[in-house]
Structures are given as C-alpha cells and as structure tokens.
Protein chains: 2
Amino acid sequence: MNFEEYFPVWHKLSPLHQKMLSEGTAVRQVKKNTVLRGGEEECLGLLLVCSGQLRAYILSEDGREVTIYRLFERDICLFSASCMMNSIQFDITIEAEKDSEIRIISPQVYAKVMEESAPLANYTNQIMASRFSEVMWLVERIMWQSFDRRLAEFLLEESRIEETGELRITHEKIASHLGTAREVVTRMLRYFKSEGLVELSRGVVEILDEDGLLKLCGQD
Amino acid sequence: MNFEEYFPVWHKLSPLHQKMLSEGTAVRQVKKNTVLRGGEEECLGLLLVCSGQLRAYILSEDGREVTIYRLFERDICLFSASCMMNSIQFDITIEAEKDSEIRIISPQVYAKVMEESAPLANYTNQIMASRFSEVMWLVERIMWQSFDRRLAEFLLEESRIEETGELRITHEKIASHLGTAREVVTRMLRYFKSEGLVELSRGVVEILDEDGLLKLCGQD
C-alpha cells in the first residue's frame, strides 16, 4: 500500500514511525449502506478510502439526518478516530454510499506516532482544517441560502459525483442529505419540474436543464 | 506573561521555541465593538484573551451575522491566524464584545514553531477540535431545534455570562447572534412576555422565569 498517496509528509516520518503505521493498518471491504461508525460505537480508527465513497452525517434524536461531508478515493476520515482527541465532543456517523475498500489505522498507533512526530501532527491539523472549512460552508448554506438553491446545488453535485444527469435517488434520501422533510423536497422538485429543470419518475430525478439549475445557484 | 496558562504544553517546548514565541507576541488593548479581523483583512495572528470577551461570527453577502463561538479569558483564537494553514477556506470575523486585553502571536512565528514542535502541533489540534465541536453543536441547533428553544438558550447563556437577569441587549443584536431577522426575535420575545417568562423595556430583556426558560430548553 502506498501511504505517500494519503500522507504527503510520509517521507518526513522516521522508519520506525512508518513501520508502526504500516503494521497498525488493516484492510476492509464494505458493502454499500454499511454503517461504519454509529455515533455511540467505540473508536474505529482513521479511515483511508482506497475506492468507493463514504458519507459523514449527524443524526437528530428523532432520527433525522443531515450530510456533513463526503469522502472519496484518497480521502482520510479523522472523526472515526475521535477518541484520539478528547476535545472532539460530537458524534458523526459514517456510512458507505458505494461498495468501498478502506484501510483502517488503529487509533492508538496513530495517536502515538502523532504525539512524537511534528510532521504528522501538522498534517492532521490540515485534514481537520479542511473538514472544518466544509462544515463552515454547510453552516453558511443552511443560514443564508434559500432551499431552492440548496436543492439545485445538491442535484448538480450528485450529477458530478455520479457522472450522469439521471440520478437514482429517492426524495427521502435527498431529504436526509439536506436535513429536511421528504414533503419539502417533493414540493420543490415538482416546482423544478414545472419550470422544465428536471423530469421525475419513480426513484429517479433526471436533470433536463443544467444551466437553469446553475442559474438558481447564482453561477450563471 | 504566563504562557503556561494558555499552553499547558509550554514546558515541553525547547528554550529556543519558548523564546521565539515570547518575542513574537505583542499586547493590545481593544475597546468594546472593535472589529479585530474582518473576513478579508490580512492575517492578524493567534489571539490570546487576557481579559474581556470576543465574539467570532460569519457574515452573509447582504450583511447578516451569526455567532459561531465566543472567547473568554484564557481562550485562544486560532482562526485569526488562518493564513498559517492553507486548508482553512472560510472567513470568520472577530469582534470585542467587551473592552479587552489581548496578546497577539505573530502567525509566521507560531507556524515556524508548530512545524518543528510536535507538542505545540498537537495542542493546536486540540484547540481546533474544540472549536470544531462548538460549530457542530451550532449545526445541530440550527438544524433540529425550534427557534423558541434557541432563543431561550441564548437568553440563559447571556444571563450566565453577564451574571445578571437584566440583559442590556437590543432585539437587533440578538438577531445577529442567532442569524435571523429582528422581527422574528421581537415576535418570539413578545410571546415569551405573554407567557410571563420575560419583561421587555427599551434595550432591556429581563428574565422573570428562569425555570420556564430552562423547561423550553428541555432542561427541567
């Protein structure tokens, strides 16, 4: 396995630290929809995404969801190892959105190396800062953007990820990503349809007018 | 100045690193309402709060605000030195909520020491994780909580910070903290008044029934 692809600072680690991390890593294949870490489960470890796609989300007491960020090939998930840092006081749930191959680094091993290695600690800082930026971006969208814009952005993002304009996704699932009720999604999609932006059929949202959606996002 | 009070890892730094940080720090007195760092200003540096109170918030394009977190005595503000980390891709504005004495560590000096010192890098990680937790808590409140609960929580928090039940704060200012319109705050405060929870007069919200507000927050 090429750790360099995940950790650009790999060559700055001592041979001992490299060996500890290599030996502390396990491979795991996960099927689509597998929950990798429920909020209250024990500390899983750092996740490296080799292939596939993961989703990090939070859950309300009554079971509603909102997507916080997504992880693709070569991404690292830090918050699945939150026990490493006692300042992390929140629960994120991680789920495989596609069949995925992941590598899991033991949180004890990672914490030990990070404690001794300034390059690894600084790189970990960078990963956290990136996730922080994504969450801040989410806050801005929730606070300032109208729902039509958030939905248009979501459809365009999905289409980019899936590389198709024909999205196989239920209204329920969209609601879970955006942290709202299914009815709200259905109502807005019907409005999009009446405007000729999308076509709707069972379990499918087809994008008809990408430029129109981009315009809604203020990116025309 | 006692750096140990801000950095519990101070004794793990080399004498050279301690000297660099000491010499890279300046004192500044700021008056209430001073904006310490506008979103687009250049990189100010790490802020250590010696006395007083700071507020970190984000601004929408049309000038609306929402409070992200607050900083009190002995707190450290990292995001006023965001140039240190190029993974930080968002703008936070920091304002003095009270007359404050702060110390500012040069971002270049801090970055240099952090690069070489694993203890400082790890401690910086912890600070960021704490702020991350606060923002995640904010997301959860925005997404799942009704506005009456958010307002009740805000009034109780203000009362705890100010150590008085008679809050000198305008509806406009409350709206800026919570990221909503003044009218929404006024309407809910009038409802609180009709329920005997608060008394309203010009520029003042007086808490009459703390237990009632706690009940609204689900903490009875």
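Note: the structure precedes this text.
Everything quoted here is computed from the prediction, not taken from an experiment. What you see as residue numbers is a count from 1 along each chain, following the sequence as written. In the order they appear in the text, chains get letters beginning with A and ligands get numbers beginning with 1. It should be noted that, the model being predicted, local features are given only for residues of pLDDT at least 70 and side-chain atom pairs only at 80 or more, the latter also being counted only at that level, while totals for whole chains, interfaces and linings use all residues. As a convention, hydrogens and water are excluded, and side-chain values are obtained from all of the structure's heavy atoms.

1. A word on the sheet that holds strand S9 (residues 166-168) of chain A
Residue and element names in this part refer to chain A. Put simply, the test is: Following DSSP output, two strands are said to pair if at least two bridges run between them. Helix and strand assignments follow DSSP, with helices taken as H or I runs no shorter than four residues and strands as E runs no shorter than two, numbered in order from the N terminus. Interaxial angle, 0 to 180 degrees, is taken between N-to-C directions of lines fitted to C-alpha atoms, where a helix line uses only the stretch in contact.
What the 3 strands build is an open sheet, ordered S9-S11-S10; its pairing is antiparallel. A single partner strand is all that each edge strand has here, and the edge strands are S9 and strand S10 (198-201). Within the sheet, the average angular offset between the axes of one strand and its neighbour, ignoring direction, is 20°. Two elements, S9 and strand S11 (residues 204-207), share 3 bridges in a ladder whose sense is antiparallel. Residue pairing in the sheet places Glu166 in a bridge with Glu206 of S11.

2. Here we look at the packing of aromatic side chains
Residue and element names in this part refer to chain A. As a reminder, the rule being used: Side-chain rings of Phe, Tyr and Trp (the six-membered ring for Trp) are treated as a pair once their centres are within 6.5 Å; stacked means planes under 30 degrees apart, edge-to-face means over 60, and tilted covers the remaining angles. Burial classification: accessible surface area is computed with a 1.4 Å probe over protein chains only, and a residue below 20% of its type maximum counts as buried, one above 50% as exposed, and the rest as partly exposed.
Scanning all chains against the criterion turns up 11 aromatic pairs over all chains. Arranged with centres 5.9 Å apart and planes meeting at 70°, the rings of Phe7 and Tyr123 form a pair that is edge-to-face. On the criterion of sequence distance, the pair formed by Phe7 in the segment before helix H1 (15-23) and Tyr123 in helix H3 (residues 118-144) is long-range, its members being 116 residues apart. On the basis of relative accessibility, which here comes to 15%, the residue Tyr123 falls in the buried class.

3. A look at the layout of surface pockets
Applied cut-off: We place a 1 Å grid over just the protein atoms. Points where a 1.4 Å probe fits but has no way out form a cavity, open points with protein on both sides within 12 Å along at least 5 of 7 lines form a pocket, and any residue with an atom within 4 Å of a point lines it. Grid points are joined across faces, edges and corners, and a volume is the space filled by probe spheres set on the points. Under the grouping applied here, Gly and all other residues not named as nonpolar or charged are polar, the nonpolar ones being Ala, Val, Leu, Ile, Met, Phe, Trp, Tyr, Cys and Pro and the charged ones Asp, Glu, Lys and Arg.
There is about 860 Å³ of room inside the largest pocket. Together, 32 residues line the largest pocket, and Trp137, Arg141, Gln145, Glu153 and Glu157 of chain B are the ones closest to its centre. Elements with a minimum of two residues in the lining of the largest pocket: strand S5 (65-71), helix H3 (118-144), helix H4 (147-162), helix H5 (171-178) and helix H7 (210-216) of chain B. Roughly 580 Å³ of internal volume is contained in the second largest pocket. Going through the elements one at a time, strand S5 (65-71), H3, helix H4 (147-162), helix H5 (171-178) and helix H7 (210-216) of chain A are the ones with two or more residues in the lining of the second largest pocket. At 8 residues, the largest contribution of residues to the lining of the second largest pocket is made by H4 of chain A. In the lining of the second largest pocket, the residues fall into 11 nonpolar, 4 polar and 8 charged.

4. What to know about the sheet that holds S5 of chain B
Residue and element names in this part refer to chain B. Reading across the sheet, the 4 strands line up as S2-S7-S4-S5 and stay open at both edges, with antiparallel pairing between neighbours. The open sheet terminates on both sides in strands that have one partner only, identified here as strand S2 (35-37) and S5. Direction aside, the axes of adjacent strands within the sheet are offset by 35° on average. Relative to strand S7 (residues 93-96), strand S4 (residues 54-59) is paired through 4 bridges, and the arrangement is antiparallel. Along S7, the bridge assignment pairs Leu54 with Ala96.

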